[in-house]
Amino acid sequence: MTRTLIKGNEVITEAALAAGCRFYAGYPITPQNEITGSMARRMPEAGGVFIQAESEIAAINLCFGASVAGARAMTSTSSPGFSLMQEAVSYLAACEISCVLVNVMRGGPGLGNIQPSQSDYFQAVKGGGHGDYHCLVLAPATVEEAYAFTLLAFDLADKYRNPVLLLADGLLGQLMEPVDLAPPKPLSLPARDWKLDGAKGRKPRLIRSLLMEEGVLEKHNYKLAKKYQSMAGEARWESDPQEGSELLVVGYGIAARAAKAAVREAREKGMKVEWFRPQTLWPFPSEALREAAQRAEKVLVVEMNLGQMVEDVRLAVEGSVPVEFFGRPGGAVLPPREILEAMQRAVGKRIKVYADSHIPKTDMEIGTIPASFKKDVSKGRPTCADSHIPKTDKEIGTIPASFKKDVSKGRPA
Amino acid sequence: MAKQKGRVKVEAGRCKACGLCAEYCPKDCFETGEGLNPLGYVPMRFKDGSDCTACGNCAMMCPDMAIQIWTMDVTAEAEALS
Amino acid sequence: MKLANLKPESLTETPTGYCSGCGHGVAHRLVAEVIDEMGMRENTVGVAPVGCAVFAYDYWNFDVTEAPHGRTPCVAAGIKRVLPDRVVFSYQGDGDLASIGMGEIIHTANRGDNITVVFINNANYGMTGGQMAPTTPLGMKTSTTPLGRTAEAGHPIRVPELLNALEAPVYLDRQSLHDPAHVRKAKNALKKAFRLQVEGKGFSLVELLSTCPSNWGMTPQDAVKWVGVEMVKTFPLGVIRDKS
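Remember, it's a predicted structure, so these values are computed and weren't measured experimentally.

Visitor: Account for the interface of chain C and chain B, with residues named and values stated.
Guide: Accessible area lost during the coming together of the parts is what is often quoted as the interface size. Between chain C and chain B, the residue contacts involve 24 residues of the former and 25 residues of the latter. Put simply, the parts of the chain that give the side of chain C that touches chain B at least two residues each are strand E1 (2–3), helix H1 (23–37), helix H6 (180–198) and helix H8 (220–234) of chain C. The element that contributes the greatest number of residues to the side of chain C that touches chain B is H1 of chain C, accounting for four residues. Residues that form the side of chain C that touches chain B fall into these classes: twelve nonpolar, seven polar and five charged. By the bridge criterion, two bridges tie strand E4 (residues 67–71) of chain B to E1 of chain C in an arrangement that is antiparallel. The residue bridging Thr-71 of chain B from the neighbouring strand is Lys-2 of chain C, located in E1 of chain C.

Now the structure itself:
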C-alpha cells in the first residue's frame, strides 16, 4: 500500500489497471484528458492495449469488441463525448456486455464549457440511449471513492453482464487527494461464458440485439427487466441520521461535499439538519431516502444543474414531504455559503453566519483557520442564549439583541 | 546615412514576442524591448534608424496584427530625414 | 508616411487568445485578406471547428457558426445548399477534420459540395493538451504517444491525397505558413480556392502546415524551422489536384 497524492482522473486509471482492465480506448476531451494521457503511459506498462480512437463513437465500439473478446475494457469521456456514445451504450445493454464507461461531466448543453457540472444525470440514469435499458451508475465524491468505485464498476459489470457508468465531474477529475493505492495484483477474473474467442470444442456463440421474430424481443426485454430488478441490492448511499430534523439535504458527488460544509455550519448554529448522499444513482437508494425524508420536515436537493436528481427524490418520497431544489447550472460550482442560504430559505429561518462563519469569505482564507473560529472553539459552541436562530416563531422577523451586538462590532477583520 | 524606405511600429500591447519578425527580417531591424506588456510578454521593438526596406516579411509572419509598416517616398522624405 | 498594411476589414480588433507563434493568427488573417480582396465580407459565412480555433468567431468580422466536433463540413454544406450565392467555408484542425470528422469530410468532398475547406495541420491536438493527431508524424512524441508515435498507432494521414481518390473535388492543395515566401503562396492558394467557389466550380480544400510551439515544446522560431525542414518530409507541399 502506498499513500499517494493523486489526481481524480489519474486514480481512475490506476484503479482500472488494478481491476485487471487491459483494454482502453478513448478520445481527448477536457476535463478528462488525464485519464487518456495516463492510460497511454500505464496501459502498455501493464501489458494491455491503449488506442487513441478517432472519435468517441469509435472508442466505445472498440471497447465493445474488446469486451466481446473477453477483456475488461474501459473508455472515458466527458459530456459531449458521452452523447456520442449513447447508441453503443444501448447496444452494450441489449447484448448484455460488461464494460466500464467513465463520464467526467462538464458544463452543457452543447459544447458548454470545461467547468465541472452534474447536468448529465438524466442522460446517465434515464437512458440517453434508445430502448428500455439501464446502466449501473456510480457517483464518487472523493478521489478515494473514485478509486474504489472504479474497482467496483468492473466487478459489477461482470457480475451483471452490463455496462456500468462511473459518473464523475470536472472538479473531481482535477482534484488531488491522498489515496492508498494497492499495487495491481494478478486477479482471477470471472470467466465469461459468453465471450467470442472461437468455437473450438464448443457450440458457436452469438452476440446480437436484433430480435425480429414475433415476441422474442418482448421476452428479451422481460429478461433484462428481471436483471435490473435484481440489481436493487447494489444501491449504496451515505447518510447521517438525526431524529426530528428540520431539513434533509440531498446531494451527490462534489455537490454533496459542498452541502456537507453548509450542513456542518448550520448544525453549529443549532439547526437540526440531516444529509443524505446517494453513491449509486442507478439503482437509486429510494427506500433509504424515503426513510430519511420522513424524519425531516422538508427536503432540499442540491445539484450542479437545473434540477435533475430532484425528480427522482420527489418520486422516492412520493409526496410525503415537500421537496425543494437549489442548484446552479452551466459549470458553476456550488459555494457552501449559497447552499447555506438556500437551506435557510427552505426552513424559513435566518442564520447569521458571517460574523463567525467557518466558511471562508475569500479564496485566500481557504486553508487558514480564521481567528474567529479559534475563538469559538475555546468558548464552546454557542448556546441557545446567544444563538441568532430564533427560539420561537414569534421571533422570526425581529432581530435578536445579540445579532445587533455583532453588527455594531462589525465583521471580523 | 542609410536611406529608410520603411519604419515599423510594433503594437506592444498585441505582441506575444514570438520573434518571427526578427527571424525573417533581412535587415536585422528588430530587437527585444523592455518591460512586460499586459499579455505578460516582453514585446519586440523596431530598432530606430535600421535599414528597413518595407519588404513586409515581418507583417507577413506576425500572427497577432502587431506590426504596422509605414512606408515613405524614398526621394522626398528621405531627403528631409538626412 | 503611409501605412502599408491595413488591418483587414474581415478581422476584428480583438487580440487573439492563441499562443505565441501559433499559425492560427496568420491563417485567420490570410482568410480575412482574401475575403476582403474579393469584396465578399458581407456575403460570407464561416464555420468554426472544435479545437483551438473554436474561438475564431471572435476574430472574424463576418457571420460565423460553431459546429459539433468534426461535423463542420456538414454544417457548411447545409448553409451553402440553402444560400448558394454566399461564400461558405469551414476552417478545421487535425482532430476536427481528419479524426472525428473523417467521415464527414470524405462525404462532403464526395458530394462535391461547393464549399472551401481550410485545413490547419499542426501535427497534434492543441486545445486538449498536445495529444496525437492523425497527422502526427512517426516518431513524434505527444501526450498520448509518450515514447514517440509508432506505426501501431497508424501512419500520418495525408488528407488531400486521400480526397484525391474521389471523383468530385476540384482543387486540393497543400501549402505552409513557415516563412514569408510560403505564407504568400498559402494566400494565393486560399485565393484560388475561394475564387473557384464563387465561380461555382465545386469542392476545394487547402491544407496549411502550421506550428504549435506550446505543445511541440519549441520556440516559435524553432517551430517554423521544424515545419520547413521536417514536417514537409511527411507532408510534401504543392498542388495535389487542380481540375479547374
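Visitor: Give a description of the interface of chain A and chain C that names residues and reports values.
Guide: With 13 residues of chain A at the contact, the number on the chain C side is 15 residues. In terms of residue count, the dominant contributor to the side of chain A that touches chain C is helix H2 (residues 33–45) of chain A (five residues).

Visitor: Hey, could you go over unusual backbone geometry for me, with residue numbers and the actual values?
Guide: Residues and elements named next belong to chain A. Put simply, Thr-30 and Pro-31 share a cis peptide bond, and its omega is 10 degrees. The topology assignment puts Pro-31 in the loop between strand E2 (23–26) and H2. Cis rather than trans, the peptide bond between Trp-282 and Pro-283 has omega equal to 0 degrees. Inspection of the secondary structure puts Pro-283 in the loop between strand E12 (280–282) and helix H11 (286–294). A positive phi angle is found at Glu-96, which is not glycine, with a value near 55 degrees.

Visitor: Summarise helix H3 (residues 56–68) of chain A; cite the residues concerned and give the values.
Guide: Taking 1.5 Å per residue as the helical rise, H3 of chain A with its 13 residues ought to reach 18 Å, and the 18 Å between its terminal C-alpha atoms agrees with that figure. Among the structural elements, E2, strand E3 (49–52), strand E4 (73–77), helix H4 (79–84), helix H5 (86–95) and strand E5 (99–105) of chain A are those in contact with the buried residues of H3 of chain A.

Analysis parameters
- Residues numbered from 1 in each chain as written.
- Chains lettered and ligands numbered in written order.
- Predicted model: local features only at pLDDT ≥ 70, side-chain atom pairs only at ≥ 80, totals over all residues.
- Contact = placed C-beta atoms within 7 Å.
- Helix = DSSP H or I, 4+ residues; strand = E, 2+ residues; numbered from the N terminus.
- Nonpolar A, V, L, I, M, F, W, Y, C, P; charged D, E, K, R; others polar.
- Pairing = 2+ DSSP bridges.
- Expected span 1.5 Å × (residues − 1).

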